[in-house]
Each structure stands twice: as C-alpha cells, then as structure tokens.
Amino acid sequence: MHPDGERILLSQEVIRERVTALGEQISRDYAGREVLAVGILKGAMIFLADLVRSITVPVQIDFVAITSYGSSARSSGAVRILKDLDESIAGRHVLVVEDIVDSGLTLNYLAANLAARAPASLKICTLLNKPTRRVVPVSVAYSGFDIPDEFVVGYGLDYAGRHRNLPYIMILRREVYGG
Ligand code: PRP
C-alpha cells in the first residue's frame, strides 16, 4: 500500500467484482436501449472506463467538468460548469457516472441542470456513497459501495490532485491531510 494510506478500504479485486456486477445490472436494465454515460471529471474517469467495459448494450460517452464556487458558496450547492457536454442529451438515456456522492450538492445541482435538457431518462451511478454525509437529497439508482465518513483516495479519487492512479481505494492517514 502507498505510505500515505492508513489502510486499504476496497481492494482492486473487490472493486473489479462490484464494477462488473454494476455493468451487468445496467445492461439488463437498459436492454434494447442505448446509454449515454456522462462522466463527471476528474474523479469518475477511472470508474467510467472500467464500467463501460462491463456494459453490453450500446454505450456512448461524454464528460462534464465542474467546480464548486468556493467554500462559502459550497453550502448553496452552486457549482460552475467548466466543460459542458459536447452533445445534446434531448431524448437520450443518460446515465451520470460519479466516483462519490458525499454531501450530494454536486449531483443535486447537476441532475437538475441535466433534467432541464429533456433527456428520455436520467439516472445516477456512483461507485462510492457516503449516506451519513448527505445535506441535500440525491436519487442514486446504482451504487457500488456505501462507505464510512473517511478520507478516501485512489481509483480516481484524489487528495490535492494525487493518488487518482492507485488501483485500490485506501483511507488517507490523518497526518497527511491534517485532519
Ligand atoms: C468530488 C466528487 C464529486 C463531489 C462529491 O469531486 O467527484 O463530484 O466531490 O461531493 P458532494 O456530494 O459533497 O458534492 P471533486 O470536487 O473532488 O473534484 P474531482 O472529481 O475533480 O476530484
């Protein structure tokens, strides 16, 4: 394990099995339809890359990049779109792919924004879910793991831009982030 880690929360093998199962479930649910997987940069990129390879119905991929307006505006849930979708989602079956739902502020905003663009359907798939941290409601259709309120990195999740490349998810040592 990386020396910044306290312990491994989800091993590479455990993640792989769960992501495969999610892909199979999504393939069943979307039988006969085409999915537009919308990844939220940057955290979701690794999960999305693995998930779509477990989906057997036709899939297209697009990305949005967003940032919050800063700590004070954070509680309002206002986020700014840095990079919007490349294409219209009107009439399409949109599956938003996220690495983690924490307070829910990001997806609460983004789901409303996307729903206003008249997709045929809109669902959310997250690898990690911290239900005890929720501030605003988010309707999550697919969730990989409910996890405790710990600072986790790896498999796309970062601390100060680092550790996204770890193939497992580990709990960060408190000394590292000053928690
Ligand atoms: C993380 C994560 C979600 C959001 C979840 O993104 O990818 O988008 O925070 O938190 P919330 O439920 O409290 O809104 P982050 O801002 O760390 O950006 P990143 O994906 O580029 O790492």
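The structure this text deals with has already been given above.
The following refers to the structure shown.

## Thoughts on the sheet that holds strand β9 (residues 169–172)
Spatial ordering of the open sheet is given by β1-β9-β8, a layout of three strands whose pairing is antiparallel. The sheet is open, and its two edges are formed by β1 (5–10) and β8 (152–153), each paired on a single side. Where β8 meets β9, two bridges bridge the pair, whose relative direction is antiparallel. Paired with Val 153 across the bridge in β9 is Met 170.

## Examining the pattern of salt bridges
Taken as a whole and judged by the stated rule, the model has eleven salt bridges. Here Asp 62 and Lys 83 are joined by a salt bridge, their closest N and O atoms 3.9 Å apart. Separated by 21 residues along the polypeptide, Asp 62 in strand β3 (residues 59–68) and Lys 83 in strand β4 (residues 79–83) bring together distant segments of the chain. The exposure class assigned to Lys 83 is partly exposed, which follows from its relative accessible area of 28%. Among the ionic pairs, Arg 92 bridges to Glu 87, the shortest N-O distance being 2.9 Å.

## Describing the packing of aromatic side chains
Each aromatic ring pair is characterised by the separation of its centres together with the angle its planes make. Scanning the model with the defined rule gives two aromatic pairs in all. Taking 5.5 Å as the distance between ring centres and 85° as the angle between the ring planes, the aromatic pair formed by Phe 151 and Tyr 159 counts as edge-to-face. Looking at Tyr 159, the relative accessible area reads 26%, which means it is partly exposed. Measuring from ring centre to ring centre gives 4.7 Å for Phe 151 and Tyr 177, while their planes differ by 45°; the resulting arrangement is tilted. Highlighted residues: Phe 151 in the loop between β7 (142–146) and β8 and Tyr 177 in helix α5 (residues 174–177), separated in sequence by 26 residues. Among the aromatic residues, those joined into a cluster by ring pairs are Phe 151, Tyr 159 and Tyr 177.

## With respect to the site of the ligand
In the vicinity of the ligand lie 15 residues, with Glu 98, Asp 99, Ser 103, Gly 104 and Thr 106 positioned nearest. Asp 158 places a side-chain nitrogen or oxygen 3.1 Å from an oxygen atom of the ligand. Protein coverage of the free-state accessible area of the ligand, which is 500 Å², stands at 75%. Elements represented by at least two residues in the shell around the ligand include exactly β5 (93–101) and α4 (105–115). Sort the elements by how many residues they give to the shell around the ligand and β5 lands first, with four residues. Class assignment of the residues belonging to the shell around the ligand gives a composition of four nonpolar, four polar and seven charged.

## Digging into the sheet that holds β4
Taken in spatial order, the six strands line up as β4-β3-β2-β5-β6-β7 in an open sheet, and their pairing is mixed. With partners counted over all chains shown, the strands left at the sheet margins are β4 and β7, one partner each. Sheet twist, expressed as the average angle between the axes of neighbouring strands with direction ignored, equals 30°. Bridge analysis of β3 against β4 gives four bridges, and the strand direction is antiparallel. Bridge pairing in β4 links Ser 68 to Val 79.

## Remarks on helix α1 (residues 12–29)
End to end, α1 covers 26 Å across 18 residues, agreeing with the expected 26 Å (1.5 Å per residue, within 8%). Among the residues of α1, Ile 15, Val 19, Leu 22, Gly 23, Ile 26 and Ser 27 are the ones counted as buried. Down the axis of α1, the buried side of the element spans an arc of 135°, and every buried residue falls inside it. Turned more than 90 degrees from where α1 packs its buried face, Glu 17 and Arg 28 sit exposed. Buried residues belonging to α1 abut β1, α2 (45–52), β5, β6 (121–129), β7 and β9.

Cut-offs used in this document
- Residues numbered from 1 in each chain as written.
- Predicted model: local features only at pLDDT ≥ 70, side-chain atom pairs only at ≥ 80, totals over all residues.
- Heavy atoms only, no water.
- Pairing = 2+ DSSP bridges.
- Helix = DSSP H or I, 4+ residues; strand = E, 2+ residues; numbered from the N terminus.
- Salt bridge = Lys/Arg side-chain N within 4 Å of Asp/Glu carboxyl O.
- Buried < 20%, exposed > 50% of the residue type's maximum accessible area, 1.4 Å probe, protein only.
- Phe/Tyr/Trp six-rings, centres within 6.5 Å; stacked < 30°, edge-to-face > 60°.
- Near = heavy atom within 4 Å.
- Polar contact = N/O pair within 3.5 Å; in protein donor to acceptor, adjacent residues only side chain to side chain.
- Areas by Shrake-Rupley, 256 points an atom, 1.4 Å probe, with all protein chains shown as cover.
- Nonpolar A, V, L, I, M, F, W, Y, C, P; charged D, E, K, R; others polar.
- Axes fitted to C-alpha atoms, helices over the stretch in contact; angles between N-to-C directions.
- Expected span 1.5 Å × (residues − 1).
- Arc of directions from axis to C-beta.
- Contact = heavy atoms within 4.5 Å.

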